[in-house]
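What the coordinates show
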Amino acid sequence: MTSDPTPRDPAWEGKRRRAGILAFAVGAAATLAFFAFFPGLPHVVDWGAVLLALLVGATARWAWQAHVTKKHGGAG
């Protein structure tokens, strides 16, 4: 027999969501800044850099939410 899932804390979910959005924004911005300002690279942000920034942002969001969830002690 399986147990019913427990209701999640809406305040905790809101904090986790905001942390994920912030992690995505920081990861994407850091990647774009790297391509825009790193010496030796052309100072052009092309579609490859944009796609890589989205990928890095998504990875940062996933990693940060996994870290925060593990630290909180919940599953999700």
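Nothing here was measured: the structure is a model prediction, and the numbers come from that model. (Residues numbered from 1 in each chain as written. Predicted model: local features only at pLDDT ≥ 70, side-chain atom pairs only at ≥ 80, totals over all residues. Heavy atoms only, no water.)

The next thing to look at is helix α2 (residues 47-72). A rise of 1.5 Å per residue sets the reference length of α2, with its 26 residues, at 38 Å; its end C-alpha atoms lie 37 Å apart and thus fit the reference within 8%. Residues A49, A53, G57, Q65, V68 and T69 constitute the buried set of α2. Among the structural elements, α1 (10-37) are those in contact with the buried residues of α2. Phi turns positive one or two residues past the end of α2, at G73, with a value near 95°. (Helix = DSSP H or I, 4+ residues; strand = E, 2+ residues; numbered from the N terminus. Expected span 1.5 Å × (residues − 1). Buried < 20%, exposed > 50% of the residue type's maximum accessible area, 1.4 Å probe, protein only. Contact = heavy atoms within 4.5 Å.)

Here we take up a nonpolar patch on the surface. Residues L52, L55 and V56 make up a contiguous nonpolar surface patch of roughly 230 Å² in combined accessible area. Position of V56 relative to the elements: it lies in helix α2. (Patch = residues over 30% accessible without salt bridge, like charges linked within 9 Å, V, L, I, M, F, W, Y side chains within 5 Å. Areas by Shrake-Rupley, 256 points an atom, 1.4 Å probe, with all protein chains shown as cover. Salt bridge = Lys/Arg side-chain N within 4 Å of Asp/Glu carboxyl O.)

Our next topic: α1. For α1, which comprises 28 residues, the first-to-last C-alpha distance of 40 Å matches the rise-based estimate of 40 Å (1.5 Å per residue) to within 8%. Of all the positions in α1, only W12, R16, A19, G20, A23, G27, A28 and T31 are classed as buried. Buried residues belonging to α1 abut α2.

In the structure shown here, the tally under the stated rule is one aromatic pair. Geometrically, the ring pair formed by F34 and F35 is edge-to-face, given 5.4 Å between the ring centres and 80° between the ring planes. Here F34 falls in the partly exposed class, since its relative accessible area comes to 41%. (Phe/Tyr/Trp six-rings, centres within 6.5 Å; stacked < 30°, edge-to-face > 60°.)

In short, shape yes, function no, at least from these values alone.
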